[in-house]
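Structure assessment
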Amino acid sequence: MSGQWWRDAVLYQIYPRSFADSDGDGIGDLPGITARLDHVAQLGADAIWLSPFYPSPQADFGYDISDYESVDPVYGTLDDFDAMVTAAHSRGIRVVIDIVMNHTSDEHPWFLESRSDRTNPKRDWYIWADPAPDGGPPNNWLSAFERCGTAWKLDAATGQYYLHSFTPGQPDLNWRNPDVHAAMHKVWQFWLDRGVDGFRIDVAHRLMKDPQLRDNPPEVAHARRHFSHPVVRQRNLDLPEVHDVLRDLRVVLDGYGDRFALGEVPISDDARLATYFGGDGMQTAFHIAFWEQPWDARAFRRCIDGLVARTRTDALPTYALSTHDISRTVSRYGIEHAPVAAMMMLTLRGVACVYYGEEIGMADAPPALEQDVDGRDGQRTPMQWDATGGFTTGNPWLPLAADQHVVNVAAQADDPGSLLNLYRRLIAYRRGSEDLRRGGYVSLDSPAEVFAYRRGDLLVALNFADHPVAFDVPGDAAGRVEVSTRLDREGVVSMRPLELEACEGVVLRLSVENLPGQNLPGQNLPGQDAAEAAP
Ligand code: NOJ
C-alpha cells in the first residue's frame, strides 16, 4: 500500500443498505459488508467506497446526517466499522467513506440549537435569512430536487427561512463561519484516525454561497444544478471560495500520508469541472458527463476528449458507469453493451468506480410506485448473491429484482464467459499493465460505431454497434490481443482491417515500430504519468 495508490485505483461503491444483511432485519449493514469482502477482493478492486452509514432520519437515505461521528444502529456500531476496516486492510482493500459537508440533517444537534433561537451561538452555523418583503423565500434559489421547489423553508417559530439545497430535512451549513470549518475539521480527523483511506465529498462544489444571498441571474435562475453558461454564473454553487475549504481538507489528508479525496461535482462545464481536481485540493472528481452519455461511440469520445483537453496533464478524473443516483448501466445501455462499457471504463486514463451489482449486470428493478420511497429505489435494490437472493434471511427493505435467480454472483463466479469474470479479467489486466496504469491517452479516428484510443503502447477498440465493423487502423499491420470481451479472441490480429464483432471490445498491444498516431512525440502520449512513476 504505497504512494498515490488512488491514481490507478478501481473503487467499488457499496450502498450499505443494500449490500449484505447480517442480522436478518432486511437492511444491509457493516458486518454484512465485512462478511462479503472476499467478493471485492476477488473482483480485484483496490478500495471500497461506502455511501453514508451515519445516524440519519433517512430523509435522503443517509445523505442527511444527524451525527458525523457514529454509525446508525441499523448498520451496526463503531466497533463494527473498525472491524470492517481491519478486515478490508488485511485483504489489501482500502476504505473510502462518503462525507456530506454541505448540509446536515435537520435533526442534527447543531441544527436543533441553531433553529431554537435567533440568538443561539449556533444560529450562524446555518444559512438563515429574513423573508422577502412579500413574506416569501429570501431569493430565487431552487432545491436540486424538483419536488422540493424553492431551496428555502420558513421556520415559523423564529420567523426566518433556512437554506436547503436538497430536501427541507437537509439544512445547508454556513461554511463562512470558522466554527463550522473547525467542527468539520474534527470530523475528518475522527475518521482518518480510525484508518479510513479517503473521502468521497458529496456535492463538493456547493459548500459556499453568495454571502449577500443575491438572486441567481434570470438566465440561470431555472437551473437546479450547475448550469453551463458562457458568462453568467450561479450564486449558490461553484464559488471560488469553495476551493479554500478543499485545500484545507487536502492539508489534513496529506498530514496522514497517503489519503485522498474524490469529489462529487455535478458541473457540466469541462473547464469549470477541471478546477476541482489535480491541484492542491481534491485529487480527483467524478466526470459526471461520462455517465450521462447516450450509447454512442462519438458521444463518449467527445465527452472524454472534452475534459481531457481542459485538464492538467497530471490530473485524473474518476469514471463511473452507474451510482446510487442514476439508472444502472444495463438498464440504460442494454446487457449486450455491458462488456464494452466495462472495458471502456476500466481502460480509460483515470480512477474507475464500479457500483455494486454492476459487475454481474444487475438492472434497475423499480418497486411499485406506492413502495418507491425515494424515486431512485430502482437502482438501489439488494445485491444478488445467489439464486435465492442471498442478501438477507429476513424481509428485504426493497424487493430483490425478479432476475435474481439467474443474475447473481454464484451463477457467474465459475463461468469464464460471465460478465463478472470479464470485470475480474479487466481489473487484473489493468493492475498489471504499466500502459493502463501510467500511460497517456489519445483518441483515434475510427468509424462512427467505434471508439478507439491509445493508452501507451496499447490500442483499445470498442465496437458500440450491434453489428460487426471492420476498419483499417492507420500505421500498423497487426496487434496482439491482450484482453477481449470475447473469450475466443487471442493471438495476433490484423489491423488491415481490424475486424470487430458486434458489441466487441479489444485491448491490443501494438508493435512499437508501427504505432498508430506516430506523429505523437514518442511514447509520451498526452497525460503520460512518466514524472510520477515513482510514489
Ligand atoms: C449527492 C448524493 O449522491 C445524493 O444521493 C444525495 O441525494 C445528494 N448528494 C444530497 O446529499
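Everything discussed here concerns the structure shown above.
First, a word on scope: everything that follows refers to the structure included in this document. These numbers were taken from a predicted model, which means no experiment stands behind them.

Regarding the side chain of arginine 380
- Inspection of the secondary structure puts arginine 380 in the loop between strand 11 (351-355) and helix 12 (409-413).
- When residues no more than four places from it in sequence are discounted, the contact partners of arginine 380 are Tyr15, Ser18, Phe61, His324, Asp325, Tyr355, Tyr356, Asp374, Trp397 and Leu398.

Quick look at the packing of helix 11 (residues 338-347) against helix 13 (residues 419-432)
- Contact geometry of helix 11 with helix 13 gives a least axis separation of 10 Å together with a crossing angle of 20 degrees. Relative to helix 13, helix 11 is oriented roughly parallel. Crossing handedness for the pair helix 11 and helix 13: right-handed. For the pair helix 11 and helix 13, the contacting residues are Ala338, Pro339, Ala342, Met343, Met345, Leu346 and Thr347 in the first and Leu419, Leu422, Tyr423, Leu426, Ile427 and Arg430 in the second.
- Split into classes, the residues belonging to the contact of helix 11 with helix 13 amount to 11 nonpolar, one polar and one charged.

Notes on the site of the ligand
- By nearness alone, 13 residues border the ligand, and Asp60, His103, Asp202, His324 and Asp325 come closest of all.
- Within the contact set of the ligand, an oxygen atom lies 3.0 Å away from a side-chain nitrogen or oxygen of arginine 200.
- Separating an oxygen atom of the ligand from a side-chain N or O atom of aspartate 325 is a distance of 2.5 Å.
- A total of 300 Å² of accessible area belongs to the ligand in isolation, and the protein chains cover 97% of it.
- Taken together, the residues of the shell around the ligand break down into three nonpolar, three polar and seven charged.

Describing the side chain of threonine 158
- Along the chain, threonine 158 turns up in the loop between strand 5 (152-155) and strand 6 (160-163).
- Look at threonine 158 and you get buried, because its relative accessible area is 11%.
- A polar side-chain atom of threonine 158 sits 3.0 Å from a polar atom in the side chain of arginine 123.
- A polar contact of 2.5 Å, which involves the side chain of threonine 158, links it to the side chain of aspartate 155.
- Not counting residues up to four positions away in its chain, the partners in contact with threonine 158 are Arg115, Ser116, Asp117, Arg118, Arg123 and Trp128.

What about the pattern of salt bridges?
- Enumeration according to the criterion identifies 37 salt bridges in this entry.
- Its salt-bridge partner being arginine 438, residue aspartate 8 comes within 3.6 Å of it at the nearest N-O pair. Pair noted here: aspartate 8 is in the segment before strand 1 (10-14) and arginine 438 is in helix 14 (residues 434-438), with a separation of 430 residues, a long-range link. Here aspartate 8 and arginine 438 have matching classes, each one buried.
- Glutamate 292 is paired through a salt bridge with arginine 225; the nearest N and O atoms lie 3.0 Å apart. One end of the pair, glutamate 292, is in the loop between strand 9 (284-285) and helix 9 (297-309); the other, arginine 225, is in the loop between strand 7 (198-201) and helix 7 (242-255), with 67 residues separating them in the sequence.
- Accessibility expressed as a relative area gives 42% for glutamate 292, which makes it partly exposed.
- Shared partners join several salt bridges into a network, and the residues in it are Asp60, Asp325, Asp374, Arg376 and Arg380.

Rules used in this analysis
Each chain carries its own residue numbering, running from 1 in the direction its sequence is written. Residue-level local features of this predicted model are given only where pLDDT is at least 70; pairs of side-chain atoms are given and counted only at 80 or more, and the full residue set underlies all totals for whole chains, interfaces and linings. As a rule here, side-chain values cover all heavy atoms of the structure and leave hydrogens and water aside. Numbered from the N terminus, helices here are DSSP runs of H or I no shorter than four residues, and strands are runs of E no shorter than two. Contact between two residues is taken to exist if any of their heavy atoms lie within 4.5 Å; hydrogens are not considered. The convention used is that axes are lines fitted to C-alpha atoms, helices contributing only their stretch in contact, and that angles between N-to-C directions extend from 0 to 180 degrees. These descriptions rest on fixed angle ranges, namely under 35 degrees for roughly parallel, over 145 for roughly antiparallel, 65 to 115 for roughly perpendicular, and the rest for oblique. It is the rotation of the near helix from the far one that decides the hand of a crossing: anticlockwise by less than a right angle makes it left-handed, clockwise makes it right-handed. Ten residues, namely Ala, Val, Leu, Ile, Met, Phe, Trp, Tyr, Cys and Pro, are considered nonpolar, four, namely Asp, Glu, Lys and Arg, are considered charged, and the remaining ones, Gly among them, are considered polar. Working definition: residue near molecule or strand if any one of its non-hydrogen atoms lies within 4 Å of it. For this analysis, a polar contact is any N or O atom pair within 3.5 Å, provided that within protein one partner can donate a hydrogen and the other can accept it, and provided that sequence-adjacent residues contribute only side-chain to side-chain pairs. The accessible surface values rely on the Shrake-Rupley method and a 1.4 Å probe; as for residues, cover is taken only from the protein chains in view. Exposure is judged per residue with a 1.4 Å probe applied to protein chains only, and the accessible area is read against the type maximum: over 50% gives exposed, under 20% gives buried, and values in between give partly exposed. In the sections that follow, a salt bridge refers to a side-chain nitrogen of Lys or Arg positioned within 4 Å of a carboxyl oxygen of Asp or Glu.

Keep in mind that these numbers describe shape and distance, not what the molecule does.
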